Structures are given as structure tokens and as C-alpha cells.
Amino acid sequence: MNTPTKFWNPYLAGFALGLVLLASFLVMGKGLGASGGVNRVAVFALDTVAPNHVDNTPYMARLKSGNPNLLDSYFVFEILGVFLGGSVSAFAAGRLKRGVIRGPNITVGKRLMFAVTGGVIMGVAARLARGCTSGQALTGGAILSVGSWVFMLSVFAGGYAVAYFVRRQWT
Amino acid sequence: MTFPFSTLINHSEFSLIAAVVLGFFFGFVLERAGFGRATKLAGQFYLNDMTVFKVMFSAIVTAMLGLVVADGIGLTSFSAIATSAASTTYMWPMLVGGLLLGVGFIVSGYCPGTSLVAASSGNIDGLFTIVGVGIGSLVFGEFYPSLESFYLSGDVGQFYLYQWLNVPQAVVAVGVVLMAIGGFVGAEMVEKMMAQKNHQRPEPSPKTPKRLVFATFAGAATLGLFLLLIPTKTQPIEARSVATLSAETLAKRLLDEPWKLFVLDIRNRADFENKRIAGSQQSDPDNLKNLGLAYRSGTQDLVLITTDNTVPPEVLHYPGNIYTLAGGFSAWQTFALEKPKALSPLATATERAAYAFQSAVYAKMTGTVAAPPPPVATGTFKPPTKRKGGGCDG
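Values in this document were obtained by computation on a predicted structure and should not be read as measured data.

I'm lost on the overall build of chain A in this one. Help?
If you tally the helices and strands in chain A, you get eight helices and zero strands. Counting from the amino terminus, helix and strand elements in chain A follow one another as α-α-α-α-α-α-α-α. Seen through its principal axes, chain A has C-alpha atoms that stretch 50 × 40 × 35 Å. Counting all 171 residues of chain A, 60% fall into the buried class. For chain A, restricting intrachain contacts to residue pairs at least 6 apart in sequence, the fraction spanning at least 24 positions comes to 58%.

Below, the structure written as C-alpha cells:
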């Protein structure tokens, strides 16, 4: 098998990402997002098994108020695009293969435990902050929103504060 | 302002296609940057690979400068885009949410967006992170009632760095560019130091793309500043036409969509305190320059209330529509604050309708609606149980 294509130079990758964000601003008048779409998909999944519960939980029922179809939403389609784009890029670069990214000293099971735990924490955090690194830090950062800059600096602070305690995952 | 095209945005098929296309490029670029791999992302927090910082800040600077330049040449309005794309700033939940998200980031190795890219390139840990994010957001939904007061705390509205610093966007942008380039140089120094410490060869950082990108930033930032200085931007402002609204239209709009109006009264304070339009704000003409009208989003229509309908130049910098009230405040006085003349029995249907509306406005604006019936006292009183112990007065 061929060796995978190298990653892009970070500054050029950032420049390209900035152009995508700029296009999003100019064409749609909004930025990019990730956690909002995931939230909708999660509520949709819950809605298929427990529709009454969703209707009785105000924070979730709110998503249905305009349009009862939870998946009929801009950011759901956007994360579908992210998925496609990620797959195509990985495939073209020869990186599309199943695996678990981890350091040499951690078992697959433990790594997956960490992955899901971190995900839960981020799920709560992103709802609390009204967005994640995409919708809040990147999008709001570029349009100079004060809350987004506070959020972005806090993300780095939170990560650095805890990194030492989970270093066994990577080394 | 040309971009964005509201017809396209409101066209649901177009916007869903645009969502997929924009998402596609978003995912593609993130994957190419190496963000589908947790080890690469985690490197940021152990200082041995600062790719996250470099990519993120290059992207922020690019999009920001793109908007500043597009605003400078009149293609779009930075403030209007900011208003439509940014969320309101709630200081405390954003601070705490950020800290928590940082913790989740280093624990899972991904942020929500990059976990999608990781999963799409076959990494099962990314898929587990997405599932986690889904569960976490459901958990938030479950506990929302008890989190609500914190979720809504520190509300300062939509708030931007350029409002806080009270300078034009292009100036803040130049500051951000300088900070970012300083950060990039610092990040590369840190990477070199860490590589030496770990007895590894540092990842090479080729000079050509770096020079290219930094030079583009410097060029765009300079252009942004330059566009701020050249008079083309102020010329149309001098020539702006200011439309007039009749008192009747203003009354209708105040009742139907008050949130779309920004009624600014520049009569003197005493007159304003005596009689005014409900919901209006007063400013003396000398104070107008301190209101930062040029930096407002312009999504509301500004209605200027004066005695003689002369429009001070500061007001002309307001980016949205500007109106004056036909006939000035006295027209409002006659229309809404004085009881309409009794209707002649021979009045036509149109006159009757106009009379009915004017009476309604009069009643609404002067508060001459009949008072509601006095409420009946209800409720049961339980004497509070005396707390035992605790407290300073023990």
C-alpha cells in the first residue's frame, strides 16, 4: 500500500479553512457548526424511541416548535457534508481505514472509554456555551464576538489544565 | 451591501445544498490539516505539535480579514454578518462551557467538529466521541430546568471586541493579525524547544507557505485600514437620502414590530421627559458621536425625532435605513397624543377605519384604556417554619 499523502502545511490549511468560513458568511450569513447538528441528531434518535419524553422536555421540544421534522435543519445537512468531505479527503489521501487512534500504552477499550467520556463532557459544554470550537470559537472568533473569544481562551485553558492527567493516553 | 443574498438564504433547497457543500469543504480541509487524528490534536496540549493553534488562528484571521475587506469595498456589512452569525454573549456559561469543552477535548482527543472528521475517516474513537457528544447534549437537555438560571447569566447581548474597544473593525483586525503572527512565531519556538527536550528532530516548517500566508494577511490588513481612510466610503454617506415616515406609519410599525425600530429622539431632554414616543431613546445632538452609530448592526430602522427634521451628519453613518418623522415631533403629538376629533355621522368607511386606528393609538400611547377590573385576592398563607440553627444571627 502507498504511504498516505502528507498533511497540508498548517498555515495553508488554516487559510483554506478561513476561505470556507468566509464563503459561509457571505453566502449564508452564518458560520460553521458541529455540536448543534449533533444535538439535533441525538434528539431525533431519542424522539424515535421516546417521543413523549422529548415533547415533555422543554429544551428538546423547543427544537420541534417550528418544524416537527428534527433533521430538516441547516446544521444537520452541514454535518452530513462534513462527513462526506472528511471521507473523500481521507480516501483520496490513502488514510481511509478503520482503526483506533491511541498511544502505545493504552488499550483499545480504555481509549474508547476516554473518547466517549470526553464526548459527554463536550456535549454538555457545547450546549452550555451555545456552540463548540466550530460554531463558537472559529465562527464567533472571526466576527470578533467577545463571548466567543472568552470561550476560545477557556477551551485552551481547560485543555492545558487537565492534559497532564490524561497523558497516558498518548505516550 | 450585496452579500448575503436574502432570496437565496430564504430558499430552503438552496440553503440545504449550500449546507452540504460548505460542510463538505469544512470536513475536507479539517481532514487535510490532520484533524482526523486524536494524537495530532492532543499534541497541542503537550506543546509538541501546535497545529491546532496555527490552523485555527490562520482560519480566524483569513475569514475576519476577508469580511473587513469585503465590507470596505461595500460588498457586505461586517456588522450585519456579525449580527446574523454570532450568538449573544452570555459571559459565565461561555467561560465555564469553554473550560469544560477544553477538558472534554483533551480527554477524548477531539472537539465535536473534528470527531466527525475522525469518524468519517474510519477512526472508531472519533465515532465514540460523537456518541458521547450526543449523549452529553441530551443530558444537558434533561437538566436544563435546573441549569437555566446559569445558562442565562452574564447576558451582555451581542457584544463585539470593536464595540468594547470602540474602534473600527479594521483596527481590531490589525490587532488580531499582529497577535496571531506573534503567536505563530512563539508556537514554532515552543515546538523547537520541545523537540530538543525530547531529543527529536523538530518537524520542518517550510518558509515559502509561511511567507505567502503571512504576506497575504499583512496585505489584507493594510488594505482594510486603507479602505477605512479613503473617502469613497464617506461619500455615499454624505449623499444618503433620508426617507420620511408619516406619524400613522410609525404608529403602525411601533405596534406591529417595535423590535425592528430604533427611535432616536434628539430634542432636548426636558421636552423629551415631558412628552415622547413610547420606547424611544433620547440623545442631545452633541452626544451623538458617543453613541457609536456607525458600528451598530443596522438591522433596525433608525427613526430620528427632531423638531425641525434636520439630520445631523453623525446619524448618517448609521448602517441601516434612516427615517425622519414627517412633520417632526409635533406631527406625532397631533396624531397620537391628542384625542382624535369626533367623527361626523357622514364619515366614509375609510375615515371610520382611520378614526378607529387613531383612537386605538391614542389610547395605547396615552394610557387612556379603561383600567382592568381590580384583582380578587387569592392564595393561602402558611406561616414559615422557623429555621433552626445556622446563620450569623444564630
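I keep staring at the domain arrangement of chain A and nothing clicks. Help me out?
By a widely used convention, the size of an interface equals the accessible area lost when the partners come together. Residue and element names in this part refer to chain A. Splitting chain A by domain gives domain 1 (1-97) and domain 2 (101-171). Tallying the contact residues gives eight residues for domain 1 and nine residues for domain 2. Looking at the side of domain 1 that touches domain 2, the element that brings in the most residues is helix H2 (residues 35-49), giving three residues. Its residues assigned to classes, the side of domain 1 that touches domain 2 shows three nonpolar, five polar and no charged.

When you look at the interface of chain B and chain A in this model, what are you seeing that I'm missing?
At the junction of the two partners, chain B supplies 111 residues and chain A supplies 111 residues. The greatest single-element share of the side of chain B that touches chain A, amounting to 19 residues, is contributed by helix H8 (residues 124-151) of chain B.

I keep staring at the domain arrangement of chain B and nothing clicks. Help me out?
All names here are of chain B. Each domain of chain B was delimited in the assignment, giving domain 1 (6-233) and domain 2 (237-337). Put simply, the middle of domain 1 and the middle of domain 2, counted by C-alpha atoms, are 38 Å apart. The interface of domain 1 with domain 2 comprises eight residues on the first partner and seven residues on the second. Of all the secondary structure elements, the ones that give two or more residues to the side of domain 1 that touches domain 2 are helix H5 (78-85) and helix H9 (161-164). In terms of residue count, H5 provides more of the side of domain 1 that touches domain 2 than any other element does, four residues in total. Here the residues of the side of domain 1 that touches domain 2 sort into three nonpolar, five polar and no charged.

How should the nonpolar core be read in this particular structure?
In summary, soluble globular proteins display a tendency toward joint burial of nonpolar side chains. Among the nonpolar cores identified, the biggest contains 131 residues, and Leu21 of chain A together with Val29 and Met64 of chain B are the most heavily contacted of them. Per-element tally for this core: the top contributor is helix H4 (residues 51-72) of chain B, with 14 residues. Not counting residues up to four positions away in its chain, the partners in contact with Val29 of chain B are Ala13, Ala16, Leu17 and Val20 of chain A. Within the second largest apolar cluster, 25 residues are counted, among which are Val263, Ile266, Leu325 and Val361 of chain B.

Is there a simple way to explain the packing of helix H6 (residues 108-128) of chain A against H8 of chain B in this structure?
The description of two packed helices rests on the angle between their axes and on the distance between the axes. Two numbers describe how H6 of chain A lies on H8 of chain B: the axes approach to 5 Å, and their chain directions differ by 35°. Viewed along their axes, H6 of chain A and H8 of chain B form a crossing whose handedness is right-handed. Taken together, the residues that form the contact of H6 of chain A with H8 of chain B break down as 18 nonpolar, nine polar and three charged.

Please clarify how unusual backbone geometry should be interpreted in this entry.
A positive phi angle, near 60°, is found at Arg130 of chain A, a position not held by glycine. Relative to the helices and strands, Arg130 of chain A is located in the loop between H6 and helix H7 (133-142). Looking at Arg130 of chain A, the number of C-beta atoms within 10 Å reads 23, which means it is buried. The phi dihedral of His199 of chain B is positive, around 55°, even though this residue is not glycine. Inspection of the secondary structure puts His199 of chain B in the loop between helix H10 (169-197) and helix H11 (207-229).

Calculation criteria
- Residues numbered from 1 in each chain as written.
- Chains lettered and ligands numbered in written order.
- Predicted model: local features only at pLDDT ≥ 70, side-chain atom pairs only at ≥ 80, totals over all residues.
- Helix = DSSP H or I, 4+ residues; strand = E, 2+ residues; numbered from the N terminus.
- Buried ≥ 20, exposed ≤ 12 C-beta atoms within 10 Å, placed from the backbone.
- Contact = placed C-beta atoms within 7 Å.
- Domains from an automatic or database assignment.
- Nonpolar A, V, L, I, M, F, W, Y, C, P; charged D, E, K, R; others polar.
- Core = buried A, V, L, I, M, F, W, Y, C linked by C-beta atoms within 7 Å.
- Axes fitted to C-alpha atoms, helices over the stretch in contact; angles between N-to-C directions.
- Left-handed = near helix turned anticlockwise from the far one by under 90°.

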